[in-house]
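Inside the fold
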Amino acid sequence: MLTRIDHVGIACPDLEAAIARYESVFGLTVVSRETNSEQGVREAMLAVSAAPAASYVQLLEPLHPDTPVGRFLARRGEGIHHIGYAVPDITAALAAIGESGVRLVDERPRHGSMGASIAFLHPSDLGGVLTELVQARGGRALQPCETKAI
Ligand code: CO
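Structure report, in brief. The structure presented is a predicted model; accordingly, all values stated were derived computationally and were not measured. (Residues numbered from 1 in each chain as written. Predicted model: local features only at pLDDT ≥ 70, side-chain atom pairs only at ≥ 80, totals over all residues. Heavy atoms only, no water.)

Before going further, it helps to examine the overall build of the protein. Looking only at helices and strands, the protein has 3 helices and 8 strands in total. Shown N-terminal to C-terminal, the secondary structure of the protein runs as helices and strands in the order β-α-β-β-β-α-β-α-β-β-β. The dimensions of the protein, computed from C-alpha atoms along their principal axes, are 40 × 35 × 25 Å. For the protein, contacts bridging at least 24 residues in sequence account for 57% of all contacts bridging at least 6. For the protein, the centre of its 13 positive side-chain charges and the centre of its 17 negative side-chain charges are spaced 1 Å apart. (Helix = DSSP H or I, 4+ residues; strand = E, 2+ residues; numbered from the N terminus. Contact = heavy atoms within 4.5 Å. Lys, Arg positive; Asp, Glu negative; His and termini not counted. Charge placed at Lys NZ, Arg CZ, Asp CG, Glu CD.)

Once that is clear, we can look at the coordination of the cobalt ion. For the cobalt ion, the protein coordination sphere consists of His-7 (NE2), Gln-58 (OE1), His-82 (NE2) and Glu-132 (OE), at 2.1 to 2.2 Å. Considering all 4 donor atoms around the cobalt ion, angles at the metal cover 84 to 171° and the coordination shape is irregular. Read in sequence order, the donor residues for the cobalt ion give the motif H-x50-Q-x23-H-x49-E. Here Glu-132 lies in strand β8 (residues 131-135) and Gln-58 lies in strand β4 (residues 55-62), a separation of 74 residues in the sequence. (Donors = N, O, S within 2.8 Å, 3.2 Å for Na, K, Ca; no water. Tetrahedral: all angles 85-135°; square planar, octahedral: opposite > 155°, others 65-115°.)

What follows concerns the environment of Ile-118. You can see Ile-118 is positioned in strand β7 (residues 117-121). In this structure Ile-118 comes out as buried when scored by relative accessible area, which is 2%. As a C-alpha pair, Ile-118 and Asp-66 span 52 residues in sequence and 22 Å in three-dimensional space. Residue contacts for Ile-118: discarding those within four places in its chain leaves Gln-39, Ile-90, Pro-109, Arg-110, His-111, Gly-112, Glu-132, Leu-133 and Val-134. (Buried < 20%, exposed > 50% of the residue type's maximum accessible area, 1.4 Å probe, protein only.)

Along the chain, Gln-135 falls in strand β8. Gln-135 sits in the buried class, given a relative accessible area of 1%. Among the polar contacts made by the side chain of Gln-135, one reaches the main-chain amide nitrogen of Ile-90 at a distance of 2.8 Å. (Polar contact = N/O pair within 3.5 Å; in protein donor to acceptor, adjacent residues only side chain to side chain.)

All chains considered together, the criterion is met by 1 aromatic pair. On the numbers, 5.6 Å between centres and 35° between planes, the contact of Tyr-22 with Phe-26 is tilted. Here Tyr-22 and its partner Phe-26 are both found in helix α1 (residues 15-26), 4 residues apart, which amounts to about one turn of the helix. Classification of Tyr-22 by relative accessible area gives buried; the value is 16%. On the basis of relative accessibility, which here comes to 56%, the residue Phe-26 falls in the exposed class. (Phe/Tyr/Trp six-rings, centres within 6.5 Å; stacked < 30°, edge-to-face > 60°.)

Taken in spatial order, the 8 strands make up an open sheet running β2-β3-β4-β1-β5-β8-β7-β6, and their pairing is mixed. Every other strand in the sheet has two partners, leaving β2 (29-36) and β6 (110-111) as the edge strands with one partner each. In this sheet, β4 lies alongside strand β1 (residues 4-11) in parallel orientation, the contact comprising 5 bridges. Counted as the bridge partner of His-7 is Tyr-56 from β4. In the packing of α1 onto the sheet, the strands contacted are β1, β2, β3 (41-49) and β4, and the crossing angle to β3 comes to about 5°. (Pairing = 2+ DSSP bridges. Axes fitted to C-alpha atoms, helices over the stretch in contact; angles between N-to-C directions.)

Any link to function would need more than the numbers given here.
What follows is the structure in structure tokens.
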């Protein structure tokens, strides 16, 4: 079901400072920047490895304190927010995981970074780890997605 770790989502109070850290310490490169008003974040994806086995660091800055990432920062501080796993068929994965008893934050896939279809699983049923499923752009269940450049 899970084919690789797609990305690690990291909550940060200052996106530009976080990007500068990953660029200077690890030599990573920003491959996508988006504002996702539905999720209340400004974000950057930095490539760790290239396609077809691409993986990323996803840096997330809240648009407002009263957003999921804003509340996370207030409660836990800067750090790892979620893990995103790649799946070949997100609809099938959600159905199978739902049957296992894990609660789904998203019953149906929604639009994520770089045109992917994504869905979150409830951390309370996964040892406290907010978990995201990612079906990359070009996969079967994907719908066209518009993203806003920063
Ligand atoms: Co993510």
